[in-house]
Amino acid sequence: MYGLRSNTLLDDPFDVVIIGSGAAGAVAADTFVRAGLRTLLLEEGARLKSSAKNADVDAHAEHALAGNSEQGWSPRGWPWSTRNLGGGTVFYGGASFRYTEFDFDPSERIRVEGLPVKWPICASDLAPFYNEIESILSIDHAGFECRRRKAPNTLSLPAEHLWKGALRLGLSPRPTPVAIDRSRCDHCSLCISAQCTRGAKRDVVNSLLGPLADMPNLLLLTGVKAIALMQEKCDRVSAVRCMDTATGQIRSIRGHRFVLACNAIQTAALLLRSITPYAPRGLGNEHDIVGRGLCMKLSEYSQGVVRLGRQQIDDHPIGYRGPFSTVCTLDHYLDERCPTGVGGLIYEAKHDDWSLLQGDGLVLRVETVLADHPSLGNRIRLSSSTDSWGLPRLMIDYTTNPQDLARLGYMVERSADWLRASGARDIQHETSNFAMGSTHLHGTCRAGDDPRTSVVDRDGKLHSLDNVYVADGSYMPYPGGVNPTLTIQANALRIARQIARDATGHASASPALQPLAN
């Protein structure tokens, strides 16, 4: 249902209210509905028509202020993945990496004043949940882990060259793990600018929310923005105050439990807007930690051209088409030559603009991604100015760590080495403007054991409230050096299972996720 139409279904408190329908929110919704809990899923964006493009969605999204007090503020900050049902998964490239042991405890190499970087959980805690998510999303983790010299047949033509180049450098190339059902994929696009119409890309709409459409204990409302959480008691939230984004109508909806899955910018902003007599600085913000520790990962693109005739490109069974990325290397993930000894990921990142790929010569393009140092000063804030809904504008207050910039420079050099070893010439680099906002958002409601340096506990529950949980990338005390979506989903499943067990009183409150039937 779109908007806040008059509906008696909203009068009684829901067992669980989930805010955000993206990677984390959809996983939580599936878990609660299967457990028999009466569930409300709120999504600010719309359910998209199949013809809707990424650019169409972005054109209608509210921007944020981005910058810092020294460099000034730009009105073009980006506080979203994408604003629609299914969130960023509808237009993401599907890259689905597990975090490494190091990502859960980088404290031997990464030290931050005032912010512990060790997670309160470890890789083994997420292992069974990784397995479940990978099963439903058709992610070939075994293929990624298998070290091999022979290139798999899933590679694009540029990736075949990159695979050979990696071997020449003594690296260990791997197929990029992607949330794509290969049996349905016809390599029609690069997966990012347009939606997948075949159900091959396992976004959460077709893989999780679609199968729940007829379940009587789920109510999905799109076009509804959560303004603030409300309290009647000091240790609980009683309702969420919502706005119909089309009409401006405002209504409060009651619930017994609230799960925030809006993304690390929007979730922090919601808590900061939730000022009550019991929480004058915003919910969960007794120690001024909500919104702090914002991480967006550093990244940069590098590309070159291999001499190759147009006919040779067109004759290849995949060519430029297929997933955004089909090959990667983690050989520099931990690299003593890199400043701090912590490098990052490099992977194929094809252009999604076909016009750039139509000439002679084969374009090889890669992106390097690396974790940024958490910082108390990098944060989400609320402005004194207002947005189109009359709410405080969001501020992405972010200053890049000079040490991180040195690490990025090192990884860009490694990217160029890989391109040259793959036969590419005329190497060029393209910045990603990560500091203006990003699709990789982490850390603003960080998890930990100490309420003075964290917002939520190991199970995502706010330290100061009994019934509010964070299940998205806000949870992450350290952002990790690979794409976060799979880890967000696995952790959301772990958190949701615990909530369902507590709500139903059953040791196993929800069956395992099942892949969507063909």
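Here the structure is shown first, and the text comes after it.
Reference entry: report on the structure contained in this document. (Residues numbered from 1 in each chain as written. Predicted model: local features only at pLDDT ≥ 70, side-chain atom pairs only at ≥ 80, totals over all residues. Heavy atoms only, no water.)

1. Here we look at the overall build of the chain
Quick note on the threshold: Only DSSP runs of H or I covering at least 4 residues are called helices, and only runs of E covering at least 2 are called strands; the numbering of each starts at the N terminus. When we talk radius of gyration, it's over C-alpha atoms, and the globule rule is simply 2.2 Å times the number of residues to the 0.38. Only protein chains enter the area calculation, which uses a 1.4 Å probe; residues under 20% of their type maximum are buried, those over 50% are exposed, and those in between are partly exposed. Any two residues having at least one pair of non-hydrogen atoms within 4.5 Å are treated as being in contact.
Helix and strand content of the chain: 11 helices and 18 strands. Taking 518 residues into account, the globule formula puts the C-alpha radius of gyration at 24 Å, and the chain, at 22 Å, falls close to it. Expressed as lengths along the three principal axes of its C-alpha atoms, the size of the chain is roughly 65 × 50 × 45 Å. Looking at the chain as a whole, 62% of its 518 residues qualify as buried. Summarising the internal contacts of the chain: among those between residues at least 6 apart in sequence, 74% fall at separations of at least 24.

2. Regarding the sheet that holds strand β8 (residues 239-244)
Defined as follows: In this scheme, strands are said to pair when DSSP sees at least two bridges between them. For helices, the axis comes from a line fit to the C-alpha atoms of the stretch in contact; other axes are also lines fit to C-alpha atoms, and the angle between any two N-to-C directions lies between 0 and 180 degrees.
In spatial order, the strands read β7-β8-β9; together these 3 strands make up an open sheet with antiparallel pairing. Looking at strand neighbours, the two that pair on one side only are β7 (224-230) and β9 (250-254), the edges of this open sheet. Direction aside, neighbouring strands of the sheet carry axes that sit 30° apart on average. As defined by bridge partners, β7 adjoins β8 across 6 bridges and the pair is classed as antiparallel. From the neighbouring strand, A226 faces β8, where its bridge partner is C242.

3. Here's the deal with the nonpolar core
Here is the rule we go by: In plain words, nonpolar cores are sets of buried Ala, Val, Leu, Ile, Met, Phe, Trp, Tyr and Cys residues tied together by side-chain atoms within 4.5 Å.
Grouped together as the largest cluster of nonpolar side chains are 148 residues, with contacts concentrated most on F32, L42, L229, V240 and I253. Counting residues per element, this core draws most heavily on helix α11 (residues 485-504), which supplies 9 residues. Excluding its chain neighbours within four sequence positions, the residues that come into contact with I253 are L4, L10, F14, L40, L42, L221, S238, A239, V240, C242 and F258.

4. Concerning the environment of A490
Assignment of secondary structure puts A490 in helix α11. For the pair A490 and A127, spaced 363 residues apart in sequence, the C-alpha to C-alpha distance is 8.3 Å. What A490 contacts, discounting residues up to four positions off in sequence, is L126, F129, Y130 and I133.

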